[in-house]
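# Notes for the structure review
Listed here are the chains, written in short residue letters.
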Amino acid sequence: MTIGALKNYRRIVIKIGSALLVDRAQGLKQNWLTSLAADIAALQAQGVEVLVVSSGAVALGRTVLGLPSGTLKLEESQASAAAGQIALAKAYADVLGAHQIMAGQVLLTLSDTEERRRYLNARATIETLLKLKAVPVINENDTVATNEIRYGDNDRLAARVATMIGADLLILLSDIDGLYTAPPHKDPNAQFLPVVEAITPDIEAMAGAAASELSRGGMKTKLDAGKIANAAGTAMIITSGTRMNPLAAIDRGERSTLFKASDAPVNAWKIWISGHLDAAGQLVIDDGALKALKSGKSLLPAGVREVRGDFQRGDTVSILNLEGREVARGLAGYDAADAVKIAGHKSGEIEEILGYFARSSMVHRNDLVIRGSRAQGAASAEGEMCNAG
């Protein structure tokens, strides 16, 4: 099979459209959601980490509140989201709980994945939920987001989440079973494409508009999501979610389109760190810490000899060797004042020194790029920085 068994993937993000979850007349599609939970439980039992990016809060909320069909005012949409988020979170908790799986709700806005500090906090929360074997259920926070500060669709949000947490597969469950050469509901001669090697302008030209009033995005937003995911090394599948047990259907070989990840993925996050931000401070490290960084480790406080500058957690810091040469760059895990206090100390001493324990690393390897090694992809154009993690 072209896609391969889902159990062979390490971490999967599943995006679910509103039309799959909510019926305009009857509300939540309970039986369908129950079947999806069974699929998730089966994957988790095989060692696969699963995240869900779920639409449906507004659609469910407007049903709960009895609002009529048609376009909602902003305040009505936000009120619907407020009611719908409670109902949706309970529904996921119930269906996953039947398999002894905890669900954790994560509400994000565009700012949460665009601003450094919020990005770090969101990623840490999601990673912790996964470590605890819970399933993060993620949605855009429609109760507070306005058109100027929102994604506008959960396809692109799902792609951003997938790249943020290093997923190797993004699955977009939709009301269409994959990509066609033209919108199949308009062109009966449209040809189905089982595999897309790369999203080219010709592929983008095949996109149509949304097929459902419950959906904000159509095929164009799915291809936008694919470009985000594929460039970062995450494969993407578009398939129909209208059938029961939609994830098991992928394993059975039912129709879906696989968008292959780039063979030479560009880690845009690390390129951004290395070439697009001015360092707010400096960390001078010893030779042992430098050796650890080059082997792919995080920078621990014990290896830091000196802290310079006035920076905050999430700011870019330059990492210098004992001769004063920049050997790496990364995002600070602590504010400068706290970094000064714990520099040179073992991670186990952090809580006693600061009165709290946030993280063991001064700079986590996922937020670190090393200078002078073999550059990856476009990173070579950004100061010859490469992935250290």
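Not measured: the values here are computed from a predicted model. Note that residues are indexed from 1 along each chain, following the sequence as it is written. Restriction of local features to residues with pLDDT of at least 70 applies here, the model being predicted, together with a cutoff of 80 or more for giving and counting side-chain atom pairs; totals for whole chains, interfaces and linings are based on all residues. Derived side-chain values reflect all non-hydrogen atoms in the structure, with water molecules and hydrogen atoms excluded from consideration.

### A word on the pairing of strand E4 (residues 49-54)
Categorising residues by exposure relies on relative accessible area from a 1.4 Å probe, with only protein chains included: less than 20% of the type maximum marks a residue as buried, more than 50% marks it as exposed, and the intermediate range marks it as partly exposed. Under the DSSP-based scheme used, a helix requires at least four consecutive residues in state H or I and a strand at least two consecutive residues in state E, with every element numbered from the N terminus. Across the six residues that make up E4, a large majority, five, are buried. For two strands to be treated as a pair, DSSP must find at least two bridges joining them. As paired strands, strand E1 (residues 11-16) and E4 are joined by six bridges and run parallel to one another. Each residue of the ladder has a partner; that of Lys 15, found in E4, is Val 53. Across two bridges, the pairing between E4 and strand E6 (residues 135-140) is parallel. Note that in E6 the partner of Val 52 across the bridge is Val 137.

### Some points on the UniProt feature "binding site: ATP" (unreviewed entry) in the protein chain
The UniProt record marks Lys 15, Ser 174 and Asp 175 with the feature "binding site: ATP" (unreviewed entry), using the residue numbering of this structure. Judged by maximum C-alpha separation, these annotated positions cover 161 residues in sequence but sit close together in space, the widest gap being only 12.0 Å. The residue Ser 174 is located in strand E7 (residues 169-174) in this model. A relative accessible area of 7% means that Ser 174 is categorised as buried. By definition in these notes, contact holds between two residues if any of their heavy atoms fall within 4.5 Å. Those residues in contact with Ser 174 that sit more than four places away from it in its chain are Leu 20, Lys 222, Thr 239, Ser 240, Gly 241 and Thr 242. Polar side-chain contacts of Ser 174 include one of 3.2 Å to the side chain of Asp 175. Within the secondary structure, Asp 175 sits in the loop between E7 and strand E8 (179-180). UniProt positions are given in the numbering used here, feature names are shortened, and annotations may be inferred rather than shown by experiment. Identification of polar contacts relies on pairs of N or O atoms within 3.5 Å, with a donor-acceptor requirement for protein atoms, meaning one able to donate a hydrogen and the other able to accept it, and with residues adjacent in sequence counted only if both atoms are side-chain atoms.

### Regarding the sheet that holds strand E12 (residues 256-259)
In space, the eight strands of this open sheet follow the order E5-E6-E4-E1-E7-E11-E12-E10, with mixed pairing throughout. The two strands at the open ends of the sheet, each matched to only one other strand, are strand E5 (103-108) and strand E10 (195-196). When strand E11 (residues 235-240) meets E12, the two strands line up antiparallel, connected through four bridges. Directly across from Ile 237, in E12, lies its bridge partner Leu 258. In this description, a line fitted to the C-alpha atoms serves as the axis of each element, helices being fitted only across the stretch in contact, and the angle between N-to-C directions of two axes falls anywhere from 0 to 180 degrees. Against the sheet, helix H4 (residues 74-97) engages E1, E4, E5 and E6, with an angle of about 150° to E5.

### Digging into the packing of helix H7 (residues 154-164) against helix H9 (residues 219-231)
The contact between H7 and H9 brings their axes to 8 Å, and the two run at 10°. With respect to their mutual orientation, H7 and H9 come out roughly parallel. Here H7 contributes Asp 155, Arg 156, Ala 159, Arg 160 and Thr 163 to the contact with H9, which in turn contributes Thr 221, Lys 222, Asp 224, Ala 225, Ile 228 and Ala 229. Counted by class, the contact of H7 with H9 contains four nonpolar, two polar and five charged residues. Any angle between 65 and 115 degrees counts as roughly perpendicular, while under 35 counts as roughly parallel, over 145 as roughly antiparallel, and the rest as oblique. Residue type decides the class: Asp, Glu, Lys and Arg count as charged, Ala, Val, Leu, Ile, Met, Phe, Trp, Tyr, Cys and Pro as nonpolar, and the leftover types, Gly among them, as polar.

### Quick look at the packing of aromatic side chains
To pair, rings of Phe, Tyr and Trp, with the six-membered ring standing in for Trp, must have centres within 6.5 Å; the planes then decide the type, stacked if under 30 degrees apart, edge-to-face if over 60, and tilted in the middle. For the coordinates displayed, the defined rule picks out one aromatic pair. Between Tyr 180 and Phe 192, the ring centres sit 5.3 Å apart and the planes meet at 65°, which makes this aromatic pair edge-to-face. One end of the pair, Tyr 180, is in strand E8; the other, Phe 192, is in strand E9 (residues 192-193), and twelve residues separate them in sequence. A single burial state applies to Tyr 180 and to Phe 192, both of which are buried. Think of it as a cone above the ring: NZ of Lys or CZ of Arg counts as a charge over the ring if it is within 6 Å of the ring centre and within 35 degrees of the ring normal. The side chain of Arg 255 reaches across the aromatic face of Phe 192, ending 4.3 Å from its centre.

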